[in-house]
Amino acid sequence: KLPPFFANPASVSAMAQGLPRSRFNSSRLVRALGDLAVADVADSKQSFAERLGQWLGFTDALALFPALGAGAASVPELESAAPPTARAAIRQEFARVRATLVESITTDSVLDPGEARFGLPAPGPDAATASAADFSPYHRRYLAHQRDMAASIGPLRANARAALSGHSPALERLAAVDAVLEQALAARERNLLATVPALLGRRFEQLHAAHLAARSEAQTADEPALWLAPGGWLAVFCSEMQSVLLAELDLRLQPVAGLIETLGTEETRKQ
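These notes cover the structure that comes with them.

Each value, and the rule that gives it
Residues numbered from 1 in each chain as written. Predicted model: local features only at pLDDT ≥ 70, side-chain atom pairs only at ≥ 80, totals over all residues. Heavy atoms only, no water. Helix = DSSP H or I, 4+ residues; strand = E, 2+ residues; numbered from the N terminus. Buried < 20%, exposed > 50% of the residue type's maximum accessible area, 1.4 Å probe, protein only. Contact = heavy atoms within 4.5 Å. Axes fitted to C-alpha atoms, helices over the stretch in contact; angles between N-to-C directions. Parallel < 35°, antiparallel > 145°, perpendicular 65-115°, else oblique. Left-handed = near helix turned anticlockwise from the far one by under 90°. Nonpolar A, V, L, I, M, F, W, Y, C, P; charged D, E, K, R; others polar. Arc of directions from axis to C-beta. Salt bridge = Lys/Arg side-chain N within 4 Å of Asp/Glu carboxyl O. Polar contact = N/O pair within 3.5 Å; in protein donor to acceptor, adjacent residues only side chain to side chain. Core = buried A, V, L, I, M, F, W, Y, C linked by side-chain atoms within 4.5 Å.

1. Digging into the overall build of the protein chain
Piece 1. Helix and strand counts for the protein chain come out as 11 helices and 0 strands.
Piece 2. Going residue by residue from the N terminus, the α and β elements of the protein chain occur as α-α-α-α-α-α-α-α-α-α-α.
Piece 3. Buried residues in the protein chain amount to 39% of all 271 residues.
Piece 4. Here the analysis covers contacts within the protein chain between residues at least 6 apart in sequence; of these, 80% occur between residues at least 24 apart.

2. Quick notes on unusual backbone geometry
Piece 1. Even without a glycine there, the phi angle at glutamine 219 is positive, about 55 degrees.
Piece 2. Within the secondary structure, glutamine 219 sits in the loop between helix H10 (195-218) and helix H11 (233-270).

3. Thoughts on the packing of helix H8 (residues 136-165) against helix H9 (residues 169-193)
Piece 1. The geometry of H8 relative to H9 is characterised by a closest axis approach of 8 Å and an angle of 165 degrees between their N-to-C directions. Judged by the inter-axis angle, H8 sits roughly antiparallel to H9. Crossing of H8 over H9 shows right-handed handedness. Contacts between H8 and H9 pair Gln146, Arg157, Arg161, Leu164 and Ser165 from the former with Leu171, Glu172, Leu174, Ala175, Asp178, Ala179, Glu182 and Leu193 from the latter.
Piece 2. The class makeup of the residues in the contact of H8 with H9 is 6 nonpolar, 2 polar and 5 charged.

4. Remarks on helix H3 (residues 28-35)
Piece 1. Among the residues of H3, those classed as buried are Leu29, Ala32 and Leu33. One side of H3 carries all its buried residues, which in axial view fall inside an arc of 95 degrees.
Piece 2. Positive backbone phi, at 60 degrees, marks alanine 37, one or two positions downstream of H3.

5. Side note on the pattern of salt bridges
Opposite charge on two side chains permits them to pair, given that their charged atoms come into close proximity.
Piece 1. The full count for this structure, using the stated rule, is 6 salt bridges.
Piece 2. Of the charged contacts in the structure, one is a salt bridge between arginine 157 and aspartate 178, with a shortest N-O distance of 2.8 Å. One end of the pair, arginine 157, is in helix H8; the other, aspartate 178, is in helix H9, with 21 residues separating them in the sequence. Per residue, the accessibility class of arginine 157 equals that of aspartate 178, and both read buried.
Piece 3. Across the pair arginine 161 and glutamate 182 runs a salt bridge, and its minimum N-O distance is 2.7 Å. Of the two residues, arginine 161 sits in helix H8 while glutamate 182 sits in helix H9, which places them 21 residues apart along the sequence.
Piece 4. A relative accessible area of 13% places arginine 161 in the buried class.

6. Thoughts on the side chain of glutamine 242
Piece 1. Relative to the helices and strands, glutamine 242 resides in helix H11.
Piece 2. If near-sequence neighbours (up to four positions away) are discounted, glutamine 242 is found in contact with Ile105, Thr106, Asp108 and Leu111.

7. Overview of the environment of threonine 262
Piece 1. If you trace the backbone, threonine 262 turns up in helix H11.
Piece 2. Using a relative accessible area of 22% as the deciding quantity, one classes threonine 262 as partly exposed.
Piece 3. C-alpha separation for the pair threonine 262 and leucine 164, spaced 98 residues apart in sequence, amounts to 8.7 Å.
Piece 4. Those residues in contact with threonine 262 that sit more than four places away from it in its chain are Leu171 and Leu174.
Piece 5. Only 2.8 Å separates the side chain of threonine 262 from the backbone oxygen of glycine 258, close enough to count as a polar contact.

8. Quick word on the nonpolar core
Piece 1. Core analysis: the biggest nonpolar cluster contains 46 residues, and Tyr138, Leu200, Leu234, Phe237, Met241 and Val244 have the highest contact counts within it.
Piece 2. If you list the elements that add at least two residues to this core, you get H3, helix H6 (84-106), H8, H9, H10 and H11.
Piece 3. Looking at this core, the element that brings in the most residues is H11, giving 15 residues.
Piece 4. Setting aside anything within four residues of it in sequence, one finds valine 244 in contact with Leu29, Ala32, Leu33, Leu36, Tyr142, Val196 and Leu200.

9. A few points about the environment of tyrosine 142
Piece 1. Among the secondary structure elements, tyrosine 142 is positioned in helix H8.
Piece 2. A relative accessible area of 1% places tyrosine 142 in the buried class.
Piece 3. Put simply, tyrosine 142 and proline 197 are 55 residues apart on the chain and 6.5 Å apart in space, counted from C-alpha to C-alpha.

Spatial relationships are all this shows, so hold off on functional conclusions.
Here is the structure:
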């Protein structure tokens, strides 16, 4: 059984008002997958508090309870203790990390001929049709991008919390809540995002099947080297995969962006 504070949806809703706001089913990633017809997107009838109560276990609630209430009634609101340079630094770090990850995603050696960290395979003129139409290399590259995002955004989020903690007691409590939620929801986030490359694999097969059907109807030979030509089925897939990666990046950065936005709102309020 959850502690009384956490078991009360109204209490969780009050906490949620201080956190970055997000409508899960309207996220850019969910829309991108829905547009590709590989994910069934349905509006949830549950509130944020109800869903959060289902996602967090008993031990998570125990950790969240003191983070939500610790010192709330006894600690007065103070003016910012963090220097402006520190607050500007986290915004600059966010922009740098995002730009680096965007460049890594968009420079794929296929749609963008630049030097790629995780380049996509390009069927050569002598490539066998069966081996060229293998999703495995694309799956591995998607997973590599996911690891890259996780490794970069984790420290960024911790730095954002540190910036809040040095600002005011209210934001220090928010940083504590975010730390608990990040740890508590990490496994669920990993499991959900692990389904994205599998959904892309379904899209890969759909496009390839449509390509084969068109070739069969036209009674023309298949040439893997042309799959990446403008309008080719593999070029379309690579573009869609890039869009999904950028949408996932946007989703992963939302908590950090929310923390930074909250910091800016607090600064404006105190001016």
